[in-house]
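# Per-entry structural report
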Amino acid sequence: MTATIGELISYPIKGCAGTALSETRVTRAGLAHDRSFMVVDTEGVFRSQRQDPRLALIRPVVDAGGEKLALHAPGFEDTRITIDVDSPRREVELFGRRYTGIDQGDVAAEWLSSVLGSRSRLVRVPPEHDRVTDGRTPGTSGYADSDAVHVLSRATLEDLNRRVSGPAVPMSRFRPNIVVDGWDEPHVEDRVHRLVAGEVELGYAKLAIRCAVTLVDQGSGEGAGPEPLRTLATYRRAARGGVSFGTKFAVLRTGGLAVGDVVTVPAWSESQLHEPRPS
C-alpha cells in the first residue's frame, strides 16, 4: 500500500488547539505558523497543558496573509489582533532556556487571562529567531518543545488502541503535525532517516518522548485519566528514558505539502528505542 499524507495540523500557539490543513507551506521551522506564538506568565515563562490544560480550548487561526490572528474559545467572545513583528523584544523562558519574543499587546493578554484564569501574555517568535534544535539531524523550530515537525502514522495509533483497555485514544492527544497513512506496520516512523513528500524533505532527529499532555482531553481541556501513558509504558519504554510514540524531524528542504501527497523514504536507519545514552 502506498504511504500518503493523511493529515496536516499546525498549532500556531504552543499548547493550544491545532488547525487542520489541506495544504501548507513548510519552512525551516516547520509547518507555516506552527508554534510561532506562545502563552507566557507574568515572568515570561511558557504556559503548557501540563499545568494549564485549558489551553486546549483555545483555537487560534492565522489569516492567509499571516497578518492577523483570531482567537476562539467556547463561552468567550472571539477576538482578533494584528500580528506584531516590530515591537521591542522581551525575554521569555522555555524549558529553562532563554529566548526572546515580541509581546502581542493587551487585547490578546486580557483575553487569554480570562480564558485561563491566570494573568498571561502572548508572544511571537521574532524574525531573527535562530534557535538550533538537537537530534540525529539538527535543525531549527519556533517555540516547539524541540524539533520542527512531529510525524506519527495511523498504524502506530491503531496498534496502541488494540492494546488499550477502554476507549480508543484519539490522534489529537499526540498533537502531530503530519499523520502518515498507508504504512502496514506500526512505528515505521522510528526507522525513517529521510522522508520526502510533496516538495519537502525531512531528516530524522529523534524519538518523541511523551508527557502528561497526552492525558488531557483536547476537546474539553480536562484531564482524562491514565491512558495512553499507562499502556505505552508496557511496551514503548525508551532506553534513554521516558516512553516514545512518534518521531521528530528537522526540515531539510522547504516547499509545499498537501494531504494526499505520496510519502517516500529514500534512507532508513535503526530505531533509537533501545539505543542507550552515550557514555
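This text follows the structure it describes.
Residues numbered from 1 in each chain as written. Predicted model: local features only at pLDDT ≥ 70, side-chain atom pairs only at ≥ 80, totals over all residues. Heavy atoms only, no water.

## Remarks on the overall build of the protein
Helix and strand content of the protein: three helices and 20 strands. In terms of overall dimensions, the protein has C-alpha extents of about 50 × 40 × 40 Å along its principal axes. For the protein, the residues scored as buried account for 52% of the 279 residues in total. Of the contacts made within the protein by residues no fewer than 6 positions apart, 68% connect residues no fewer than 24 positions apart. For the protein, the accessible surface area stands at approximately 12,300 Å², while carbon and sulfur atoms represent 49% of it. Counting 35 positive and 37 negative side-chain charges, the protein places the averaged centre of each group 4 Å from the other. (Helix = DSSP H or I, 4+ residues; strand = E, 2+ residues; numbered from the N terminus. Buried < 20%, exposed > 50% of the residue type's maximum accessible area, 1.4 Å probe, protein only. Contact = heavy atoms within 4.5 Å. Areas by Shrake-Rupley, 256 points an atom, 1.4 Å probe, with all protein chains shown as cover. Lys, Arg positive; Asp, Glu negative; His and termini not counted. Charge placed at Lys NZ, Arg CZ, Asp CG, Glu CD.)

## Topic: the sheet that holds strand 5 (residues 37-40)
The four strands are arranged 5-11-10-9 in an open sheet whose pairing can be described as antiparallel. Edge positions in the open sheet fall to strand 5 and strand 9 (89-94), since each of these has one partner strand only. Averaged over all pairs of adjacent strands, the angle between strand axes in this sheet comes to 50°, irrespective of strand direction. Of the pairings in the sheet, the one linking strand 9 to strand 10 (residues 97-103) comprises six bridges and is antiparallel in character. Within strand 10, the residue paired with Val92 across the bridge is Tyr99. Each of strand 5 and strand 11 (121-124) is contacted by helix 1 (residues 106-116), which is oriented at about 125° to strand 11, the strand it contacts most. (Pairing = 2+ DSSP bridges. Axes fitted to C-alpha atoms, helices over the stretch in contact; angles between N-to-C directions.)

## Focus: the pattern of salt bridges
One pass over the full model with this rule turns up 22 salt bridges. In this structure, the salt-bridge partner of Arg154 is Asp181, at a minimum N-O distance of 2.8 Å. Highlighted residues: Arg154 in helix 2 (residues 154-163) and Asp181 in strand 13 (residues 178-181), separated in sequence by 27 residues. For the salt bridge of Glu275 with Arg240, the shortest nitrogen-to-oxygen distance reads 2.4 Å. (Salt bridge = Lys/Arg side-chain N within 4 Å of Asp/Glu carboxyl O.)

## Topic: the pairing of strand 10
Between strand 9 and the antiparallel strand that follows it, strand 10, lie two residues; Phe95 among them carries a positive phi value of about 50°. As paired strands, strand 10 and strand 11 are joined by two bridges and run antiparallel to one another. Bridging across to strand 11, Asp103 finds its partner in Val123.

## Quick word on the sheet that holds strand 12 (residues 149-153)
Strand order in the open sheet formed by eight strands is 2-1-13-12-18-15-14-20, with mixed pairing between adjacent strands. Looking at strand neighbours, the two that pair on one side only are strand 2 (19-21) and strand 20 (263-268), the edges of this open sheet. Direction aside, neighbouring strands of the sheet carry axes that sit 35° apart on average. Against the sheet, helix 2 contacts strand 1 (4-10), strand 12, strand 13 and strand 18 (244-253), and its axis sits at roughly 60° relative to strand 12.

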